[in-house]
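If you want the building blocks of each chain, they are given just below.
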Number of protein chains: 4
Amino acid sequence: MRSVRVGPEVFGGSDPVIVAGPCSVENRDMLHQTAMVLSSLGIRLLRGGAYKPRTSPYTFQGLGREGLEILRAVADEFGLSVVSEIMAVEQIASSLEFVDMIQVGARNMHNFPLLSALGRTDRPILLKRGFMATVEEWLLAAEYVVKEGNERVVLCERGIRTFEPWTRNTLDVSAIPLARNLGGYPVIVDPCHASGRRDLIEPLALAGLAAGADGVMIEVHPDPDRALSDGGQSVALGEFGELVARIRSLGARRNPTSGH
Amino acid sequence: MRSVRVGPEVFGGSDPVIVAGPCSVENRDMLHQTAMVLSSLGIRLLRGGAYKPRTSPYTFQGLGREGLEILRAVADEFGLSVVSEIMAVEQIASSLEFVDMIQVGARNMHNFPLLSALGRTDRPILLKRGFMATVEEWLLAAEYVVKEGNERVVLCERGIRTFEPWTRNTLDVSAIPLARNLGGYPVIVDPCHASGRRDLIEPLALAGLAAGADGVMIEVHPDPDRALSDGGQSVALGEFGELVARIRSLGARRNPTSGH
Amino acid sequence: MRSVRVGPEVFGGSDPVIVAGPCSVENRDMLHQTAMVLSSLGIRLLRGGAYKPRTSPYTFQGLGREGLEILRAVADEFGLSVVSEIMAVEQIASSLEFVDMIQVGARNMHNFPLLSALGRTDRPILLKRGFMATVEEWLLAAEYVVKEGNERVVLCERGIRTFEPWTRNTLDVSAIPLARNLGGYPVIVDPCHASGRRDLIEPLALAGLAAGADGVMIEVHPDPDRALSDGGQSVALGEFGELVARIRSLGARRNPTSGH
Amino acid sequence: MRSVRVGPEVFGGSDPVIVAGPCSVENRDMLHQTAMVLSSLGIRLLRGGAYKPRTSPYTFQGLGREGLEILRAVADEFGLSVVSEIMAVEQIASSLEFVDMIQVGARNMHNFPLLSALGRTDRPILLKRGFMATVEEWLLAAEYVVKEGNERVVLCERGIRTFEPWTRNTLDVSAIPLARNLGGYPVIVDPCHASGRRDLIEPLALAGLAAGADGVMIEVHPDPDRALSDGGQSVALGEFGELVARIRSLGARRNPTSGH
């Protein structure tokens with residue numbers, strides 16, 4: 001399997017990688033608080049949304065380029081690497097200025113012009129599975145990036161749409177070994193979007209790792225109840241250390257031959 | 001309900017509108033044959049794909065701008081209007097040159113930057129439902145266009161993804177009255193993508209109209225078995241007249257107060 | 001295609017059959033009112049639930065054998081035939097006493113011992129599609145009945161479970177021609193359970209017929225807002241005549257070669 | 001949370017319970033070989049199908065009562081307890097003679113007369129989730145048993161039906177903490193039916209346990225390639241020891257406060 005390095009972290013190495021940060025960059029202060037806590041926990045990859053794909057045009061749409069500037073400045077202060085999503089070819093230029101790993105969200109997994117354009121950049125790509133996409137379609141979407149020359153692709157399973165109403169989506173843990181073994185890409189898991197429920201973040205993160213995931217991506221917020229987006233599925237910063245400990249504990253004990 | 005005029009046709013008027021043409025523009029000859037037959041049947045809206053969203057990067061991707069030029073030239077010869085899909089903001093300029101109604105495909109229903117940019121054009125938009133989008137998300141996607149000032153939106157139900165394997169998708173006829181009545185947009189139905197089966201095109205087209213649809217979009221091809229894409233769900237030109245007659249017959253008999 | 005006669009009606013003949021009645025038999029009075037209206041509209045098949053499969057054990061479970069007795073008595077008064085659901089092998093004996101056509105509900109489509117036992121009776125069977133069943137599984141369930149010697153099977157499409165939350169289920173109109181043509185059974189459509197919404201009963205009934213269905217099953221109630229079950233998806237008796245007229249009008253105009 | 005004892009094992013206790021055995025009891029020899037290996041691995045619960053719910057009436061339907069006799073005799077030889085599925089009220093009497101824990105399969109989760117009748121027995125019930133049942137419907141199905149007086153219910157998550165074609169079903173790991181925490185029942189996981197693929201049994205078993213499951217149910221067979229049913233999703237007896245070791249290793253390390 002290809003491993004993908006981002007800053008000091010390696011996706012597809014022996015230890016699970018933790019990516020964390022707020023759903024949206026709301027302002028410099030909240031991001032600074034967040035980065036300080038992450039740094040103290042030894043987390044090196046800071047995620048944060050600047051361009052936000054929102055179902056309704058009437059909800060908060062993100063800070064755009066200003067959000068990326070804040071992300072970069074705060075990350076540099078703590079020596080972190082930045083992961084952030086873009087939604088359009090026009091946003092590639094500014095993301096190349098500020099971002100270490102470019103995320104393609106679930107709603108853009110089938111945005112083929114965007115995938116091809118990212119294949120012509122030098123940046124690692126975090127490609128989320130569309131909530132309506134089969135594993136085969138996901139691997140073919142990754143091919144759009146790789147075909148243009150960029151092989152640094154990490155996949156992220158974030159739940160698929162089913163009939164079950166008690167969770168926002170249904171985390172498809174089977175997709176993790178399938179995409180790793182058949183596609184040869186590192187795969188991480190996003191328990192926050194998969195469930196949309198704070199009480200399920202820990203069990204889903206651990207389930208994903210037990211199924212062989214190479215890492216997790218977690219939404220954290222200084223004060224989830226006041227978040228501008230996705231507060232209900234974010235971990236409070238003050239409670240994040242305990243979850244990180246469990247993730248590392250399970251990761252350390254995974255038998256390296258089990259699904260790896 | 002808003003009605004939307006494209007050339008001589010009105011979506012949301014008393015008669016169902018028929019949009020027809022090949023999945024992909026393959027060359028001038030096949031399009032010319034197609035347009036001649038459509039014209040002889042009294043069909044005024046010619047669809048054809050120039051930019052093709054394909055699941056795999058290794059399949060035919062469409063002729064691009066050259067395809068649009070062919071579409072325009074052939075349509076003009078027969079006095080037809082052109083409907084064609086674009087997949088990215090970068091393709092808007094050339095589509096404005098050649099296309100009368102711009103289609104957004106199912107895979108781009110959540111491409112919010114594209115929707116917003118189309119809201120700043122003067123062209124009617126045909127917005128297909130994402131194959132895993134709720135009716136509410138579809139109506140909110142239409143809001144992205146309308147919010148920027150372009151109210152000429154027609155919706156197209158083309159099937160949703162379910163567990164049933166004998167059809168490519170499941171046509172959701174309930175979505176037609178829901179989107180018409182709650183959203184106030186004209187809605188047409190695409191029985192070809194909904195089923196992926198030639199034997200189901202007629203029953204699904206008629207079902208959609210009986211549920212209140214304002215029109216149908218049908219893939220036709222001079223020789224479906226040799227089509228570069230979607231041949232298995234296209235009607236042969238030679239058999240299209242019979243289907244058109246049935247569609248018009250049902251449309252004429254619909255009681256105008258039934259769901260209208 | 002096999003046609004199936006029940007009383008004076010023929011499923012799979014030239015005209016669509018209408019089956020109607022309350023979700024549950026609540027008492028003699030409401031059933032009597034219902035039967036009188038149905039009779040005056042020329043409807044000959046009275047449905048009514050005596051044994052009710054309810055998701056929760058704490059909701060109304062039906063009148064059982066007493067409900068069947070009421071059904072029979074009222075039907076006889078108006079010369080109607082009775083269609084009623086059973087849920088278990090133990091209920092076959094009493095249904096044979098009182099019922100002309102035995103219904104197997106969606107939740108029992110995979111109840112193989114029940115299907116086999118019904119295959120050893122002399123009564124026509126109305127087999128609803130499980131809301132989780134593929135068309136192939138549905139046809140194989142019918143085989144459980146036929147294999148034991150009872151070929152008088154009519155299928156009923158009543159919607160499948162999908163991610164769409166604005167309808168209770170998603171009516172799968174494609175299943176109608178597929179099950180008719182591949183299975184050779186008459187197929188009717190149940191727009192009430194498919195949608196769970198009164199405003200969609202008419203468009204879905206018409207869509208089913210346009211797709212080739214051999215009939216419809218409609219829930220009616222003298223006062224839907226006071227119904228003990230499924231009131232929100234029932235037609236008020238006073239408004240039923242108009243719907244019956246539209247159904248017959250579409251049925252009469254269906255070209256007999258269209259999917260038939 | 002209620003814990004449920006079956007023989008020497010406790011569902012809902014500190015250690016994960018392993019239930020194992022063949023999909024179908026095919027004959028005495030194969031069951032004897034299986035029981036010997038299970039016994040040597042310290043497994044105390046032997047599962048085996050005697051009454052088989054098969055989608056097609058033309059495939060192997062199980063040995064019926066004879067299968068139960070074989071199960072009992074072999075289990076007694078090795079001091080094991082027996083878990084076996086029934087499909088109908090008529091099968092309760094013989095299962096009470098031979099079986100220690102009665103399984104209700106996914107296709108019967110909505111068979112309310114069966115659930116109520118089982119609620120009047122003294123035997124623990126293993127209630128599988130219907131493959132298209134919501135968690136709420138699953139908990140309400142359990143209520144049908146409990147309401148009649150039998151509180152010894154263990155739930156089993158075995159995957160739900162989705163659009164993903166590379167697995168038979170999609171294991172819904174979120175359902176495990178939801179059903180445990182909201183329903184108060186022990187929950188085990190069945191990775192074989194969830195995936196239908198031998199290569200996914202281990203990652204899904206471990207994922208289920210990491211999400212908090214109280215045990216696993218695994219199909220094993222002396223020679224899976226010659227199994228009369230479900231061979232492709234069964235573990236070969238000779239390879240089962242390694243999987244058991246991994247399951248116990250993860251179970252032992254689970255922090256008892258993690259979701260428990």
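Residues numbered from 1 in each chain as written. Chains lettered and ligands numbered in written order. Predicted model: local features only at pLDDT ≥ 70, side-chain atom pairs only at ≥ 80, totals over all residues.

A.B. asks: It is not clear to me how the overall build of chain A should be interpreted in this structure. Could you clarify?
C.D. replies: When helices and strands are tallied, chain A shows nine helices and eleven strands. Expected size for 260 residues packed as a compact globule is a radius of gyration near 18 Å; at 17 Å, chain A falls within 12% of this value. Principal axes of the C-alpha set define a box for chain A whose edges measure 40 × 40 × 40 Å. Looking at chain A residue by residue over its 260 residues, the buried ones come to 62%. (Helix = DSSP H or I, 4+ residues; strand = E, 2+ residues; numbered from the N terminus. Rg over C-alpha atoms; globule rule 2.2 N^0.38 Å. Buried ≥ 20, exposed ≤ 12 C-beta atoms within 10 Å, placed from the backbone.)

A.B. asks: Please explain the interface of chain C and chain D as it appears in this structure.
C.D. replies: Many structure descriptions define interface size as the accessible area lost when the parts assemble. At the interface, 22 residues of chain C touch 22 residues of chain D. Where the side of chain C that touches chain D is concerned, the elements lending two or more residues are α4 (112-119) and α5 (135-146) of chain C. The greatest single-element share of the side of chain C that touches chain D, amounting to four residues, is contributed by α5 of chain C. Classifying every residue of the side of chain C that touches chain D gives eleven nonpolar, five polar and six charged. (Contact = placed C-beta atoms within 7 Å. Nonpolar A, V, L, I, M, F, W, Y, C, P; charged D, E, K, R; others polar.)

A.B. asks: Please clarify how the pairing of strand β6 (residues 101-104) of chain B should be interpreted in this entry.
C.D. replies: Working note: regular strand, side chains alternate between the two faces of the sheet. Residue and element names in this part refer to chain B. Of the two faces of β6, the one lined by Met101 and Gln103 and the one lined by Ile102 and Val104 are each fully buried. Pairing of strand β5 (residues 81-86) with β6 involves four bridges; the strand directions are parallel. Its bridge partner being in β6, Val83 is matched across the sheet by Met101. Remark: the β5/helix α3 (residues 92-98)/β6 crossover connection has right-handed handedness. As judged from the three bridges shared by β6 and strand β7 (residues 125-128), these two strands associate in the parallel manner. When the sheet's bridge partners are listed, Ile102 is paired in β7 with Ile125. In this view, the connection linking β6 to its parallel neighbour β7 by way of helix α4 (residues 112-118) has right-handed handedness. (Pairing = 2+ DSSP bridges. Right-handed = clockwise from strand over helix to strand, strands pointing away.)

A.B. asks: I tried to follow the relation of the copies chain C and chain D on my own but got confused; where do I start?
C.D. replies: Between the two copies of the chain lies a rotation about an axis combined with a shift along it. Each copy superposes on the other: chain C lies on chain D with an RMSD of 0.0 Å after a rotation of 180° and an axial shift of 0.1 Å. Viewed as a symmetry operation, the transformation between the two copies matches a two-fold axis. Within chain C, the C-alpha atom positioned nearest to the axis of rotation is that of Met132 of chain C, 2.7 Å from it. Comparing interface residues between copies, 100% of those in chain C also sit at the interface in chain D, which points to an isologous, same-surface contact. (Least-squares fit on C-alpha atoms with pLDDT ≥ 70 in both.)

A.B. asks: Mind showing me how you'd approach the interface of chain A and chain D here?
C.D. replies: Listed as interface residues are 34 residues of chain A and, on the opposing side, 35 residues of chain D. Breaking the side of chain A that touches chain D down by element, the ones donating at least two residues are α5 (135-147), α6 (175-183), α8 (201-210) and α9 (237-253) of chain A. For the side of chain A that touches chain D, the element with the most residues is α8 of chain A, which contributes seven residues.

A.B. asks: What is the right way to read the packing of α5 of chain C against helix α6 (residues 175-183) of chain C from this model?
C.D. replies: Packed helices, taken two at a time, are described by the angle their axes make and the gap between the axes. Residue and element names in this part refer to chain C. Axis separation between α5 and α6 bottoms out at 10 Å; the angle between their running directions is 45°. Taken as axis vectors, α5 and α6 run oblique relative to one another. Helix-helix and strand crossings are classified by hand; for α5 and α6 the assignment is right-handed. When α5 is examined against α6, the residues Val135, Trp138, Leu139 and Ala142 are found in contact with a partner set consisting of Ala175, Leu178, Ala179, Leu182 and Gly183. Partitioning the contact of α5 with α6 into residue classes produces eight nonpolar, one polar and no charged. (Axes fitted to C-alpha atoms, helices over the stretch in contact; angles between N-to-C directions. Parallel < 35°, antiparallel > 145°, perpendicular 65-115°, else oblique. Left-handed = near helix turned anticlockwise from the far one by under 90°.)

A.B. asks: Help me out: how do you make sense of the environment of Glu9 of chain B in this one?
C.D. replies: All names here are of chain B. In this fold, Glu9 is placed in strand β2 (residues 9-11). Of the residues examined, Glu9 has 18 C-beta atoms within 10 Å and is grouped as partly exposed. Residues Glu9 and Arg44, 35 residues apart in the sequence, show an inter-C-alpha distance of 7.3 Å. Residues within four places of Glu9 in sequence aside, it is in contact with Val17, Arg44 and Leu45.

A.B. asks: Which parts of the structure should I look at to understand the relation of the copies chain A and chain D?
C.D. replies: In screw terms, the move from chain A to chain D is a rotation of 180° and a rise of 0.0 Å along the axis, fitting with an RMSD of 0.0 Å. Of the residues that chain A buries at the interface, 100% are likewise interface residues in chain D, meaning the two copies contact each other through the same surface.

A.B. asks: Whenever I open this one, the environment of Arg54 of chain C confuses me. Can you help?
C.D. replies: Residue and element names in this part refer to chain C. Relative to the assigned elements, Arg54 resides in the loop between β4 (45-47) and α2 (65-78). Each C-alpha atom, one on Arg54 and one on Arg107, is 9.8 Å from the other, the two residues being 53 residues apart in sequence. Residues within four places of Arg54 in sequence aside, it is in contact with Thr59 and Gln61.

A.B. asks: Looking at this model, I keep getting lost on helix α2 (residues 65-78) of chain B. Mind explaining?
C.D. replies: Owing to its 3.6 residues per turn, the α-helix brings residues three or four apart onto one side. In this model, α2 of chain B (14 residues) spans 20 Å end to end at C-alpha, consistent with the 20 Å of a helix rising 1.5 Å per residue. Those residues of α2 of chain B hidden inside the fold are in contact with α1 (28-40), β4 (45-47), β5 and α3 of chain B. (Expected span 1.5 Å × (residues − 1).)

A.B. asks: Looking at this structure, I do not really get the environment of Gly105 of chain C. What am I missing?
C.D. replies: All names here are of chain C. You can see Gly105 is positioned in the loop between β6 (101-104) and α4. When the C-alpha atoms of Gly105 and Ile125 are compared, they prove to be 11 Å apart, with 20 residues separating the residues in sequence. In this view, Gly105 contacts Pro53, Glu85, Met87 and Lys128; residues no more than four positions away in its chain are not counted.

A.B. asks: So what exactly am I meant to see when it comes to the nonpolar core here?
C.D. replies: The tendency in soluble globular proteins is for nonpolar side chains to be buried side by side. Counting residues in each nonpolar core, the largest one holds 370 residues, and the members touching the most others are Leu127 and Ala210 of chain A, Ala210 of chain B, Leu127 and Ala210 of chain C together with Ala210 of chain D. Discounting residues that sit within four places of it in the chain, Leu127 of chain C has contacts with Val104, Met109, Ala141, Ala142, Val145, Val153, Leu155 and Cys156 of chain C. (Core = buried A, V, L, I, M, F, W, Y, C linked by C-beta atoms within 7 Å.)

A.B. asks: Can you walk me through unusual backbone geometry in this structure?
C.D. replies: If a residue is not glycine, its phi is most likely negative; likewise, a peptide bond is most likely trans. You will see that Asp230 of chain A, though not glycine, has its phi angle at about 60°, which is positive. Looking at the secondary structure, you find Asp230 of chain A in the loop between β10 (215-221) and β11 (235-236).

A.B. asks: So what exactly am I meant to see when it comes to α8 of chain A here?
C.D. replies: All names here are of chain A. Burial within α8 is extensive, with ten of its ten residues counted as buried. Buried residues of α8: Ile201, Glu202, Pro203, Leu204, Ala205, Leu206, Ala207, Gly208, Leu209 and Ala210, and no others. Two residues or fewer after α8 comes Gly212, characterised by a positive phi angle close to 115°.

A.B. asks: How should the confidence of the model for chain A be read in this particular structure?
C.D. replies: Residue and element names in this part refer to chain A. Here chain A averages 94 in pLDDT, and 97% of its residues register 70 or above. Predicted confidence for residues 255-260 stays below pLDDT 50, and this span has ten contacts to residues more than four positions away or in other chains. With a pTM of 0.93, the predicted complex shows an ipTM of 0.94. (pLDDT = per-residue confidence, 0-100.)

A.B. asks: For this particular structure, what's the right way to read the packing of helix α8 (residues 201-210) of chain B against helix α8 (residues 201-210) of chain C?
C.D. replies: At a minimum axis distance of 7 Å, the contact between α8 of chain B and α8 of chain C shows a crossing angle of 155°. In terms of orientation, α8 of chain B and α8 of chain C fall into the roughly antiparallel class. Judged by the sense of rotation from one axis to the other, the crossing of α8 of chain B with α8 of chain C is right-handed. Contacts between α8 of chain B and α8 of chain C pair Leu206, Ala207, Leu209 and Ala210 of chain B from the former with Leu206, Ala207, Leu209 and Ala210 of chain C from the latter. Taken together, the residues that form the contact of α8 of chain B with α8 of chain C break down as eight nonpolar, no polar and no charged.

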